[in-house]
Amino acid sequence: MSAAAGRTAGAGLALPLYPGPLVDGLSRPISYLRVSLTDRCNYRCTYCMPPEGINPLPRSELLTFEEIVTVVAVLQQVGVRRVRLTGGEPTVRKDLVVLVSHLARLGLDDLALSTNGERLAELAGPLRQAGLGRLNISLDTLDAARFAQVTRHGHLDRVLAGIEAARAAGFACIKLNTVAVAGFNDDELPAICRFAWARGLVPRFIEIMPMSGGALFYPGSLLPAARIRALLEEAFGPGEPGVTYVPGAGPARYLQFRVEGKSVPVGIISAVTEPFCDTCNRVRLSATGQLHVCLAHDESTDLRTVLRSGLRDAELAAALLAAVRGAVAAKRAGHAFTRAGCGGPRKHMVSIGG
Ligand code: SF4
């Protein structure tokens, strides 16, 4: 994507009249777009991807950077001012730094990236300089053997080096995301918190979700939010809810603990046992241009065909917006996940990103 294209992408897309904010049928304003850049990943995390992996999509099926910027620029005009880049693993997408620089020029309120950290040591600096504001780094364990087990390809030392590079790069906020799995890393929650706090990071624990038709959701693996809180309070004393501010607009609920004289935050993302669908503010764009208005359902709306329809500028913007409004109007109230791992979509987490 040329610099000129980057500068102009968005410019000609001005909608003639302000069309009003993007709100779903339940009056939930949509202000947050998660953009999956690829379904490829350099890991094979046991709860995210089948052991054999998935057949990655041919490049021609992926949205180009210009198409991604176009969708973001159009939705920005109806109140979608927060964007998080996901995958698969977004850092395996070639020229990611170029895309970030073009998105940063749009003047969004928040531009963030989720990563497994494997390539962060080399990319943290360039991404920060390109205008990326925040990072969510996945880290499910501090034990190298467990790390290799859960990621099936991962190198803990590279992720730890990536975290140091991210800290040195000066990101406004770095969150450490841990998928909490009963019988796997539930004995490490306090250690992960101490690791994060000692580095000025915000630890967050995520309940496992029954994606992939529940096939990767092993019975008994769910560690409910109530149990996560109990484990943290056993280690750190009572946690105070809702008193700490952490940048971002996602569904995490934060607790504040008093540890060694300092107030420190922990986030919990409890989609299964304490859902947050009533305040859902987000939609997701897959790497192939499918708009998913809910992570937990398989239906999606094809924006790629609109993007490649030959329409240009305001006409393209209006057509994209009409397709998005139609999809958002039909957004369901919430998910049907059960604690037993039923009620989830067939899609893999790797194909849409968290
Ligand atoms: S399950 Fe769907 S409605 Fe609920 S928070 Fe997630 S994306 Fe929103």
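Residues numbered from 1 in each chain as written. Predicted model: local features only at pLDDT ≥ 70, side-chain atom pairs only at ≥ 80, totals over all residues. Heavy atoms only, no water.

Chemist: I keep staring at the sheet that holds strand β9 (residues 262-269) and nothing clicks. Help me out?
Modeler: Strands in a sheet are paired, the pairing made by backbone hydrogen bonds, and the direction either parallel or antiparallel. One open sheet accounts for 12 strands, arranged β7-β8-β9-β6-β5-β4-β3-β2-β1-β10-β11-β12; its pairing is mixed. In this open sheet, the two edge strands, each paired with only one partner strand, are β7 (240-241) and β12 (301-302). The pairing of strand β3 (residues 110-115) with strand β4 (residues 134-138) spans 4 bridges and is classified as parallel. Across the sheet, the residue bridging to S114 is N136, located in β4. On top of the sheet, helix α3 (residues 96-104) reaches β2 (82-86) and β3; it is set at about 160° to β3, its chief contact. (Pairing = 2+ DSSP bridges. Helix = DSSP H or I, 4+ residues; strand = E, 2+ residues; numbered from the N terminus. Contact = heavy atoms within 4.5 Å. Axes fitted to C-alpha atoms, helices over the stretch in contact; angles between N-to-C directions.)

Chemist: How do you make sense of the packing of helix α4 (residues 120-130) against helix α6 (residues 156-169) when you look at a structure like this?
Modeler: The packing of two helices is summarised by the inter-axis angle and the distance between the axes. Between α4 and α6, the least distance of the axes is 8 Å, while the angle of their chain directions is 20°. Classed by the angle they form, the pair α4 and α6 counts as roughly parallel. Relative to α6, the crossing made by α4 is right-handed. Two secondary-structure elements touch here, α4 through L120, A121, A124, G125 and R128 and α6 through A161, G162, A165, A166 and A169. Classifying every residue of the contact of α4 with α6 by side-chain character gives 7 nonpolar, 2 polar and 1 charged. (Parallel < 35°, antiparallel > 145°, perpendicular 65-115°, else oblique. Left-handed = near helix turned anticlockwise from the far one by under 90°. Nonpolar A, V, L, I, M, F, W, Y, C, P; charged D, E, K, R; others polar.)

Chemist: Is there a simple way to think about the pattern of salt bridges in this case?
Modeler: Should their charged atoms come close, side chains of opposite charge can pair. Tallied over the full model, the rule gives 16 salt bridges. Where E299 meets R332, a salt bridge forms, and the shortest distance between an N and an O atom there is 2.8 Å. Within this pair, whereas E299 is found in the loop between β11 (290-292) and β12, its partner R332 is found in the segment after α10 (313-329), the two being separated by 33 residues in sequence. On the basis of relative accessible area, E299 is assigned to the partly exposed category, the value being 34%. You can call R332 partly exposed: its relative accessible area is 42%. (Salt bridge = Lys/Arg side-chain N within 4 Å of Asp/Glu carboxyl O. Buried < 20%, exposed > 50% of the residue type's maximum accessible area, 1.4 Å probe, protein only.)

Chemist: I tried to follow the site of the ligand on my own but got confused; where do I start?
Modeler: Every residue close to the ligand is listed here: F276, C277, C280, R282, R284, C294, L295, A296, K331, G334 and H335. Counted by class, the shell around the ligand contains 6 nonpolar, 2 polar and 3 charged residues. (Near = heavy atom within 4 Å.)

Chemist: So what exactly am I meant to see when it comes to α6 here?
Modeler: Residue pairs three or four apart in sequence face the same way in an α-helix, which turns once every 3.6 residues. Across its 14 residues, α6 extends 20 Å between first and last C-alpha, which sits within 8% of the 20 Å expected from 1.5 Å per residue. All of the buried residues along α6 are L156, V159, G162, I163, A165 and A166. At the exit of α6 stands G170, carrying a positive phi of roughly 85°. (Expected span 1.5 Å × (residues − 1).)

Chemist: When you look at the environment of G341 in this model, what are you seeing that I'm missing?
Modeler: Tracing the backbone shows G341 in the segment after α10. Using a relative accessible area of 9% as the deciding quantity, one classes G341 as buried. Put simply, G341 and Y218 are 123 residues apart on the chain and 7.8 Å apart in space, counted from C-alpha to C-alpha. G341 has contacts with P210, G214 and F217, leaving out every residue within four places of it along the chain.

Chemist: I tried to follow the packing of aromatic side chains on my own but got confused; where do I start?
Modeler: For any pair of aromatic rings, the description rests on two quantities: the centre-to-centre distance and the angle between the ring planes. For the structure on display, the rule yields 3 aromatic pairs. Both rings, one in W197 and one in F236, keep their centres 4.8 Å apart while their planes meet at 65°; by these two values the pair is edge-to-face. Separated by 39 residues along the polypeptide, W197 in helix α7 (residues 189-198) and F236 in helix α8 (residues 225-236) bring together distant segments of the chain. For the residue pair W197 and F236, the accessibility class agrees, reading buried in each case. In this structure an aromatic cluster arises from ring pairing among W197, F236 and F257. Over the ring of Y32 we find R34; its NZ or CZ atom is 4.8 Å from the centre of that ring. Here R146 stacks its cationic end above the ring of F184, 5.9 Å away from the centre of that ring. (Phe/Tyr/Trp six-rings, centres within 6.5 Å; stacked < 30°, edge-to-face > 60°. Lys NZ or Arg CZ within 6 Å of the ring centre and 35° of its normal.)

Chemist: Explain the packing of α3 against α4 here, please?
Modeler: In the contact formed by α3 and α4, the axes pass within 8 Å of each other and the chain directions differ by 25°. The orientation of α3 with respect to α4, classified from their angle, is roughly parallel. Taken as a pair, α3 and α4 cross one another with a handedness that is right-handed. Contacts from L96, V97, V100, S101 and A104 in α3 reach L123, P126, L127 and A130 in α4. Residue composition of the contact of α3 with α4, grouped by class: 8 nonpolar, 1 polar and no charged.

Chemist: How should I be thinking about the environment of S36 in this particular structure?
Modeler: Structurally, the position occupied by S36 is in strand β1 (residues 32-36). Classification of S36 by relative accessible area gives buried; the value is 1%. Put simply, S36 and S351 are 315 residues apart on the chain and 7.7 Å apart in space, counted from C-alpha to C-alpha. Among residues more than four places away in sequence, those in contact with S36 are T86, G87, G88, L285, S286, A287, S351 and I352. A polar atom in the side chain of S36 sits 3.0 Å from the backbone oxygen of G87. (Polar contact = N/O pair within 3.5 Å; in protein donor to acceptor, adjacent residues only side chain to side chain.)

Interpretation note: all reported values are geometric properties and have no functional meaning in isolation.
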